[in-house]
Amino acid sequence: MRKFSSKVVIALGANLNLRDQGPKVTLEKALDAIPRQGVVIRAVSRFFETPCFPAGAGPDYVNAAALIEADKTPAELLHLLHEVEHDHGRQRVQRWGMRTLDLDLVCYDDQVLPDRDGYERWRTLSAEDQKQQTPDQLILPHPRLQDRAFVLVPMADIAPDWRHPVLGRTVSEMLADLPADDVAAVTPM
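About the thresholds
Residues numbered from 1 in each chain as written. Predicted model: local features only at pLDDT ≥ 70, side-chain atom pairs only at ≥ 80, totals over all residues. Heavy atoms only, no water. Helix = DSSP H or I, 4+ residues; strand = E, 2+ residues; numbered from the N terminus. Buried < 20%, exposed > 50% of the residue type's maximum accessible area, 1.4 Å probe, protein only. Contact = heavy atoms within 4.5 Å. Areas by Shrake-Rupley, 256 points an atom, 1.4 Å probe, with all protein chains shown as cover. Arc of directions from axis to C-beta. Salt bridge = Lys/Arg side-chain N within 4 Å of Asp/Glu carboxyl O. Pairing = 2+ DSSP bridges.

Visitor: Sorry if this is basic, but what is going on with the overall build of the protein here?
Guide: Scanning the protein for helices and strands turns up seven helices and six strands. Counting over 189 residues, the protein shows a buried share of 46%. Counted over contacts in the protein with a minimum sequence separation of 6, partners at least 24 positions apart contribute 68%. Surface accessibility of the protein: about 9,500 Å² in total, with carbon and sulfur atoms responsible for 49%.

Visitor: Quick question: what am I supposed to make of helix α1 (residues 23-33) here?
Guide: Because each turn of an α-helix spans 3.6 residues, side chains separated by three or four positions end up pointing in the same direction. When we look at burial in α1, the residues that qualify are P23, T26, L27, A30, L31 and A33. On an axial view of α1, the arc spanned by its buried residues comes to 160°, and they lie on one face. Those residues of α1 hidden inside the fold are in contact with β1 (8-14), β2 (39-44), β4 (61-70) and α2 (74-87).

Visitor: What is the right way to read the pattern of salt bridges from this model?
Guide: Pairing is possible between side chains that carry opposite charge, provided their charged atoms lie close to one another. Within this structure, the stated rule accounts for seven salt bridges. Linking D177 and R169 is a salt bridge whose minimum nitrogen-to-oxygen distance equals 2.9 Å.

Visitor: What am I meant to see in the pairing of β4 here?
Guide: Within β4, 10 of the 10 residues are buried, which leaves it mostly tucked inside the rest of the structure. Side chains Y61, N63, A65, L67 and E69 of β4 all project onto a buried face; the interleaved residues V62, A64, A66, I68 and A70 project onto the opposite face, where all are buried too. The pairing of β1 with β4 spans seven bridges and is classified as antiparallel. Each residue of the ladder has a partner; that of I10, found in β4, is A66. For strand β3 (residues 48-50) and β4, the ladder comprises three bridges, and the chain directions are antiparallel. Within the sheet, the bridge partner assigned to E49 lies in β4 and is V62.

Visitor: What is the right way to look at unusual backbone geometry in this model?
Guide: Most of the time, phi is negative for any residue but glycine, and the peptide bond is trans. A cis amide bond, omega 5°, links L113 with the succeeding residue P114. Residue D20 is not a glycine yet carries a positive backbone phi of 65°.

Here it is as structure tokens:
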């Protein structure tokens, strides 16, 4: 039997309706589906309305975060999340495009994957290259975590003291580093 992980965070987002139901309902249904796959949800953030990223790419999003425990490897957990996305109408057509459901594995305890050099390559990728390139392997922690208010604001509800294993900053500290306008644009529903 595997040991359960202790600080695993999933970021949830959606900006398209699914079967005539709004994005918030889709996130709620995804949160109901995840435990049926052997994952324990320990905490869920508030739901937030956030501007579409990148700006002008579609309707605004509903975002949230969940703190979970799982006896799965990061790769197994990512596969499970992709299955839940698929069951909720997710189609991977365009990078950073509109979607019915997006489930990102943000962090898995203090693991850095695939290794520190591989992680740094993705974290420091130029903005232009970020639009064009997609990793062919799991990158942890999420390489854009520290840049995104729509991830950090919900994450601060459930894991404000989680410390980034590469940057050495807590969620609260990374959130304080962001422009105030970016943080203010993430509004509770």
